[in-house]
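Structural characterization, general
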Amino acid sequence: MSATHTHTGAVIHADDDTFADALDDTRAVVAYFWAEWCPPCRAIGPVLEELAAEHPDTLAVVKINSDLSPRTAAEHRILAVPTLKVFVDGAVVRTIVGAKPKAALEFELGSYLAR
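The notes below deal with the structure included here.

What counts and what doesn't
- Residues numbered from 1 in each chain as written.
- Predicted model: local features only at pLDDT ≥ 70, side-chain atom pairs only at ≥ 80, totals over all residues.
- Heavy atoms only, no water.
- Phe/Tyr/Trp six-rings, centres within 6.5 Å; stacked < 30°, edge-to-face > 60°.
- Helix = DSSP H or I, 4+ residues; strand = E, 2+ residues; numbered from the N terminus.
- Buried < 20%, exposed > 50% of the residue type's maximum accessible area, 1.4 Å probe, protein only.
- Disulfide = S-S within 2.5 Å.
- Lys, Arg positive; Asp, Glu negative; His and termini not counted.
- Salt bridge = Lys/Arg side-chain N within 4 Å of Asp/Glu carboxyl O.
- Contact = heavy atoms within 4.5 Å.
- Polar contact = N/O pair within 3.5 Å; in protein donor to acceptor, adjacent residues only side chain to side chain.

**Thoughts on the packing of aromatic side chains**
In the structure shown here, the tally under the stated rule is two aromatic pairs. Ring geometry for Phe-19 against Phe-33: centres 5.8 Å apart, planes inclined by 50°, an arrangement best described as tilted. Placement of the pair is Phe-19 in helix α1 (residues 19–22) and Phe-33 in strand β3 (residues 28–34), with a sequence separation of 14 residues. By the burial criterion, Phe-19 is buried, and Phe-33 matches it. On the basis of an interplanar angle of 75° and a centroid distance of 6.0 Å, the ring pair of Phe-19 and Phe-87 is categorised as edge-to-face.

**Describing the state of the cysteines**
The final tally for this structure, using the stated rule, is one disulfide. One disulfide in the model links Cys-38 with Cys-41; its S-S distance is 2.4 Å. With the S-S dihedral at roughly 80°, the linkage between Cys-38 and Cys-41 falls on the right-handed side. Take Cys-41: its relative accessible area is 2%, and that puts it in the buried class.

**Points about the side chain of Lys-63**
Structurally, Lys-63 can be placed in strand β4 (residues 59–65). Lacking a salt bridge, the buried Lys-63 has Glu-49 as its closest oppositely charged neighbour, with an N-O distance of 4.7 Å. Discounting chain neighbours no more than four positions away, the residues touching Lys-63 are Val-11, Ile-12, His-13, Ala-14, Tyr-32 and Trp-34.

**Topic: the environment of Asp-67**
Considering the arrangement of structural elements, one finds Asp-67 in the loop between β4 and α3 (70–75). By relative accessible area, Asp-67 is classed as partly exposed at 45%. As for Asp-67 and Ala-10, which are separated by 57 residues in sequence, their C-alpha atoms are 22 Å apart. The residues contacting Asp-67, other than those within four sequence positions of it, are Trp-34, Ala-35 and Trp-37. Side chain to side chain, Asp-67 and Trp-37 meet in a polar contact 2.6 Å long.

So this is what it looks like as structure tokens:
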């Protein structure tokens, strides 16, 4: 990845300036739109980190704070957080709104985890 990304484990932290570059990946990319004030976001964050660590060859998780990156949030029509946008080859293929337990996310993301 380029130097414009900051990494925490398997999660890529992006902002308005680096989000497009973060989508340039051969893996499925889950863009995780969140906010500091959002309790469900704090619940789903560790789950996404686990999934990224467990599937490093097939899944990239890009975390983007919608309050600090309003341009990207508006471009992707983020009306609620947490929202997950799944990208394959740079195109959105799925949207998941709200926090879900790990088993539910594994089910919804299953075809992308096994690529």
